[in-house]
Structure formats: C-alpha cells, structure tokens
Amino acid sequence: LKATMIVDKDFVIGNVDDRLYGSFIEHLGRAVYGGIYEPGHPEADARGFRQDVLRLVRELRVPIIRYPGGNFVSGYDWKDGIGPVDRRPRKLELAWRTVEPNLFGMNEFADWSKAAGSEVMWAINLGTQGIEDARNVVEYANHPSGSYWSDLRASHGYQQPHNIKTWCLGNEMDGPWQIGHKTAEEYGRSALEAAKVMKWVDPSIELVACGSSALGMPTFAEWEATVLDHTYDHVEYLSLHQYYGNHENDAPTFLARSLQMDEFIRSVSAICDYVKAKKRSKKRMYLSFDEWNVWFHSHASDKKLEPWQVAPPQLEDVYTLEDALVVGCMLISLLKHADRVKIACLAQLVNVIAPIMTKNGGAAWAQTIYYPFMHASLYGRGQALVPLAQSPKYDTKEITDVPYLESIAIHNEEAGEVTIFAVNRHLGESLPFEVDLRSFGTCTVLEHLVLEGADLKAVNTAESPDTVKPHASGGAKLDGARIEAALAPASWNVIRLS
Ligand code: AHR
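Residues numbered from 1 in each chain as written. Predicted model: local features only at pLDDT ≥ 70, side-chain atom pairs only at ≥ 80, totals over all residues. Heavy atoms only, no water.

1. A few points about a nonpolar patch on the surface
- A contiguous nonpolar surface patch, about 310 Å² in accessible area, is contributed by Leu 92, Leu 94 and Trp 308.
- Looking at Leu 94, the relative accessible area reads 54%, which means it is exposed. (Patch = residues over 30% accessible without salt bridge, like charges linked within 9 Å, V, L, I, M, F, W, Y side chains within 5 Å. Areas by Shrake-Rupley, 256 points an atom, 1.4 Å probe, with all protein chains shown as cover. Salt bridge = Lys/Arg side-chain N within 4 Å of Asp/Glu carboxyl O. Buried < 20%, exposed > 50% of the residue type's maximum accessible area, 1.4 Å probe, protein only.)

Take a look at the structure:
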C-alpha cells in the first residue's frame, strides 16, 4: 500500500476564488436566534451579537455568507425584517413550520457580516414573490439615495448602501417541497425577468440562478439546460446543492461520496458548456456550490418537533470524526474544480448542520467539521495544482475504484507556501505517501497537521469540546525534493511547506 503525487507549479487547475470558503445562515432553527444573535447572553454586545460565536466565525475567515435562506426564503417577505423592530410582524414560517419573530433582518445581518469580516450573498424570494420585490430589495440594499426604497433604508439608520454584490435568484425552485415550486420553464422565465430588473437597478451585481437541489433530482440536467436557455446572458453562476449522509453506517461508501460530488460538478459544467455552444456564446458560466455538507444525524429527531415554536433546535447534527473526513474530501473536490466553482457555501454556519454550535445562554464550541474547513480556508488560497496522484483503490457495493488517497496541493505564490491536503480513506491502515515536488526546489516542512482518532464516531460537545481536534505531529519529512509521510488510518492531513 503506497500513494504518490507529483506537484508541479506549472500544472495549474486555476486560481482558488476566496469565495470557495463561503457559508450560509438561514432563518431556521437556532442559526439566528440563539446562534449569532442572542440579546441578554453574557457574550452578546449591545446589538445582541454573540461575541463568542463571532470569534469562532472569524477564525474560519469566511469571505461570503448566503442569507436568509434556504427554503425559508421562498415564503419570506424581506420587508418584514426592516424598520423599527417593535413594529415587525410575527409570522407563521411554512417551510420549517415555526414562528418567525422578525427581530433580525437585512440591516442586522449586514452589520453582523461586517463584524464577521464577510460579504453578504442575498437570496431573493422567487416562491411567493416576483419582479416587484426583486427590484425593490436591490434598490433598498444598494441604491445610494434619492428614491423611495433607498431613502427608507436611510430612515432606518443606514445612510450608506449595503452594496450587496452577489444575489441568488430564489432557492431550490426544482424541489416540490419548495414554497412556490416551479417547472424549469416557469422558473427560467421568472429568474430572467427578475434578473433584468435587478441589474437595471444596479448593473454591478452578480446573479446566481438555481440549478438542481441534488444530483439525484428527477429533473436533473433538463432543469439546468432549460433554466440556462432562458438566463444564460443574464446570470454569472448556476447553483449546485448536495448533502451526504451515512444512514447505513457504511463508512467506506460514505467516504467515497465525494467522487459523486466530482461527477456532479463535471456534469453541470458540461451542461453549461452545451448551452454556451448552442448559443454561440463567448461567456463562461461559473458554478456556485452554495449548499454542501453532511446532513443526516438530525433527520429523525426533527420529525418529532412540535410545530410553531420560535427557533426550535432543528437540523442540529452532531458531527463525528467520520463526517469531518467526508467534509475534507468534499473540500478537495471543490478545489479540484477551482477553475469552474467560484463560490461555495458550507451549509450552514451556526447550530443548523453547522461547524459551530451553541447552547442558549451558554457556551459556543467547534464541531469536528470546523477543522478541515478552517484549514482549507486558511491555507487553501492561491492556485490549485493538478493532483497527479497514484493510489491503491477499493470498491464498495455502490461505488467502485475509490482511491484510498484523496489529495490536492495549493500554491500560494505570494506567501511562498505550498499546502497539501490529503485524506486517507483506509479505515485500518496507514498510507505511505510520497510527494514529488520537482519544480519547487528545496522546501521546508512548516507543519503537518492531522485530524485522526481511534473512534470514527467521536464528537465534540459543550462538555468536551476538544475530543476531536487536530494535532501537529504528522511527521511529514523532506527527502531532497520529495516529501515522505505516513497518513494515519482515516485521517485528514495538512502538510504545509515553504
Ligand atoms: O440547508 C438546509 C436546507 O437544505 C435549505 O433550507 C434548503 O435550501 C436545502 O434543502
């Protein structure tokens, strides 16, 4: 058993867009209320923003955060979330069957994002709303002054526009569960008309059209082709969403799921290029993988929740070491497609299928998946290099030819660093790994971080937040222009070189 990889600075996939390390906050469960916003919490500032949560978010260096949904947005009136808080309506929220108090909305989120060091990626409602609100929300958010909506924003205390650059044209409109679900034709037309007026209000914005909610959707491929037929000239990105779970408790298959993510990205890229060819267009459509993660632990308990509560504990997956390895593999998949995927959002950020958890009134801590995401965000910026890798493989009932090694190298020329991310999918054996650094000359190993453990099901909790944590004793060594490392069984590795 041995894996090898050649890393050459001239074999470049593409520049890693910083926005690959985006995330997502939806008005769902305790993401907002009890998560990022909890007035009265000992760590909350005067605006109700939890500083313990903000510290954990800032450590992740998240450049962009999608908001306010998700399924939520398809029934949301953005106007309910602006103006004096005591006059905002409490409403039934049909997507997640809760009560939305609207104590937090666009202006609060813009302030919070600034504090987090992130940009806002705003999703408009194309379920129950349409062109009228699409133009008005852009005018409210981005127009400087001298019009009804921009002056209203100023009267709400926000003289300066928020300048939200990236906008999603609805959410998962292909899904029958979506409020205002549409056929591809219906959605393509609505998205096009919304896109036109939004860009007439602010020509500097960029738009994301909804692709499929998952590779397995029955309308997949036809949906993308039809939607792009309508919107190709008016949007910059097409979205992809995908979550994986391990209901069968089959770790080898679960760890191989990222190969399906690769396939999904390749297929959507091909559809984009098909529409491009058909239209004789010179424009390249980029991808926004704006929901991705592991999601399955909370499915059963969510079914038992009483409806119409404010901020109940929904989608509170407690992540294992095994989940962190899958997240690591998914990050490597995104990096392998850095030439095409320009935005990606780990769904979500706090409490709801999230790397950061809180207790209402209590602690905030990092889940297992926090660490691979943090490593990729901190060290995975620069140019993604082609992973010329050789690895022994395994088969599962469902997925064959799964390499034990999943790996990619990122060259950060500015910092003079190369970082190798690698997962060993072998559950029982360590994997000898040799990296040929031919074009880089002499390097030094800065550190070899490892996330590993004897128990694949180990988790972090409020009581023991450090059960699963990376250590820096990976032991990668340099031998001339070669790195030699032993990748521990079932491990996530970050080998940093300068
Ligand atoms: O992230 C949780 C949910 O997953 C989102 O609301 C929806 O867009 C997707 O189905």
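Next comes the rest of the description.
2. Observations concerning the state of the cysteines
- Within the structure shown, the criterion is met by zero disulfides.
- Of all cysteine sulfurs in the structure, the one in Cys 345 sits closest to Cys 168, which takes part in no disulfide; the separation is 7.0 Å.
- Taking the relative accessible area as the measure of exposure, Cys 168 reaches 1% and is therefore buried. (Disulfide = S-S within 2.5 Å.)

3. Here's the deal with the packing of aromatic side chains
- A full pass over the atoms with the stated rule returns 20 aromatic pairs.
- Considering the side-chain rings of Tyr 33 and Tyr 37, the 6.1 Å spacing of their centres and the 75° angle between planes classify their relative orientation as edge-to-face. You'll find Tyr 33 and Tyr 37 in the same group, each marked buried.
- Here the aromatic residues Tyr 33, Tyr 37, Phe 49, Tyr 67, Phe 104, Phe 109, Trp 112 and Trp 122 are joined through ring pairs into a cluster of three or more.
- The ring of Phe 24 has Arg 66 lying over it, and the distance from NZ or CZ to the ring centre is 4.7 Å. (Phe/Tyr/Trp six-rings, centres within 6.5 Å; stacked < 30°, edge-to-face > 60°. Lys NZ or Arg CZ within 6 Å of the ring centre and 35° of its normal.)

4. A few points about empty space enclosed by the protein
- Taken as a whole and assessed by the stated rule, the structure comprises three cavities of 30 Å³ or more.
- As for the largest cavity, its lining consists of His 27, Leu 28, Gly 29, Tyr 33, Phe 72, Glu 93, Thr 98, Val 99, Glu 100, Ala 311, Pro 312 and Gln 314.
- Counting residues per element, the lining of the largest cavity draws most heavily on strand S6 (residues 98-100), at three residues.
- Approximately 60 Å³ is the volume found for the second largest cavity.
- What lines the second largest cavity is simply Val 73, Tyr 76, Trp 78, Trp 122, Ala 123, Ile 124, Asn 125, Gln 129, Gly 130, Asp 133, Ala 134 and Val 137.
- Within the residue set of the lining of the second largest cavity, elements represented by two or more residues are strand S7 (119-124) and helix H3 (131-142).
- Class assignment of the residues belonging to the lining of the second largest cavity gives a composition of eight nonpolar, three polar and one charged. (1 Å grid on protein atoms, 1.4 Å probe; cavity = no way out; pocket = protein on both sides within 12 Å on 5 of 7 lines; lining within 4 Å. Points joined across faces, edges and corners; volume = space filled by probe spheres on them. Helix = DSSP H or I, 4+ residues; strand = E, 2+ residues; numbered from the N terminus. Nonpolar A, V, L, I, M, F, W, Y, C, P; charged D, E, K, R; others polar.)

5. So, H3
- For H3, which comprises 12 residues, the first-to-last C-alpha distance of 17 Å matches the rise-based estimate of 16 Å (1.5 Å per residue) to within 8%.
- The buried count for H3 comes to nine of 12 residues, which makes it a mostly enclosed element.
- Within H3, the full set of buried residues consists of Asp 133, Ala 134, Asn 136, Val 137, Val 138, Glu 139, Tyr 140, Ala 141 and Asn 142.
- Taken together, the buried residues of H3 touch helix H2 (106-116), S7, helix H4 (148-155), strand S8 (166-169) and helix H5 (184-201). (Expected span 1.5 Å × (residues − 1). Contact = heavy atoms within 4.5 Å.)

6. Brief notes about the site of the ligand
- Taken together, 13 residues lie near the ligand, and Glu 26, Asn 71, Glu 172, Tyr 243 and Glu 291 sit nearest.
- Asn 171 places a side-chain nitrogen or oxygen 3.0 Å from an oxygen atom of the ligand.
- Within the side chain of Glu 172, a nitrogen or oxygen atom sits 2.7 Å from an oxygen atom of the ligand.
- Calculation on the ligand without its partners gives an accessible area of 280 Å², and the protein chains cover 95% of this total.
- Residues belonging to the shell around the ligand are distributed by class as follows: six nonpolar, four polar and three charged. (Near = heavy atom within 4 Å. Polar contact = N/O pair within 3.5 Å; in protein donor to acceptor, adjacent residues only side chain to side chain.)

7. Remarks on the pairing of strand S19 (residues 405-412)
- Of all eight residues making up S19, seven are buried, and the element is well covered by its neighbours.
- The pairing of strand S15 (residues 383-385) with S19 spans three bridges and is antiparallel. Each residue of the ladder has a partner; that of Leu 385, found in S19, is Ala 409.
- By the bridge criterion, eight bridges tie S19 to strand S20 (residues 417-424) in an arrangement that is antiparallel. By the bridge assignment, Glu 406 is partnered in S20 with Val 423.
- Hairpin connection of S19 to S20: four residues between the antiparallel strands, including Gly 416 at a positive phi of 65°. (Pairing = 2+ DSSP bridges.)

8. Here's the deal with the UniProt feature "domain: Alpha-L-arabinofuranosidase C-terminal" (unreviewed entry) in the protein chain
- Using the residue numbers shown here, the UniProt feature "domain: Alpha-L-arabinofuranosidase C-terminal" (unreviewed entry) corresponds to residues 290-491.
- Across residues 290-491, helical content stands at 15% and strand content at 33%; the span's end C-alpha atoms are separated by 26 Å. (UniProt positions renumbered as here; feature names shortened; annotations may be inferred.)

9. Points about the confidence of the model for the protein chain
- Averaged over every residue, the pLDDT of the protein chain is 97; residues scoring 70 or more account for 100%.
- Overall fold confidence (pTM) sits at 0.98, and the ipTM for the predicted complex is 0.99. (pLDDT = per-residue confidence, 0-100.)

10. Some remarks on the pattern of salt bridges
- A full pass over the atoms with the stated rule returns 32 salt bridges.
- For Glu 322, the salt bridge is made with Lys 457, and the minimal N-O distance between the two is 2.9 Å. A residue pair is termed long-range when its members are at least 10 positions apart, and Glu 322 in helix H10 (residues 321-336) and Lys 457 in the loop between strand S22 (445-451) and strand S23 (477-479) qualify at 135 residues.
- Residue classification places Glu 322 among the buried residues on the basis of a relative accessible area of 2%.
- One connected set of salt bridges, linked through shared partners, spans Lys 2, Glu 434, Asp 479, Arg 482 and Glu 484.

11. Points about helix H6 (residues 222-231)
- Of all the 10 residues making up H6, seven are buried; the element is thus mostly covered by neighbouring parts of the structure.
- Taken together, the buried residues of H6 touch H5, strand S9 (206-209), strand S10 (237-244) and helix H8 (258-278).

12. Here we look at the side chain of Asn 171
- With respect to the helices and strands, the residue Asn 171 is situated in the loop between S8 and H5.
- A residue is classified by how much of its surface remains accessible, and Asn 171, at 0% relative accessible area, is buried.
- Within the structure, the side chain of Asn 171 is placed 3.2 Å from the backbone oxygen of Gly 70, a separation counted as a polar contact.
- Asn 171 has contacts with Arg 66, Gly 70, Asn 71, Val 73, Ser 74, Gln 178, Cys 210, His 241 and Glu 291, leaving out every residue within four places of it along the chain.

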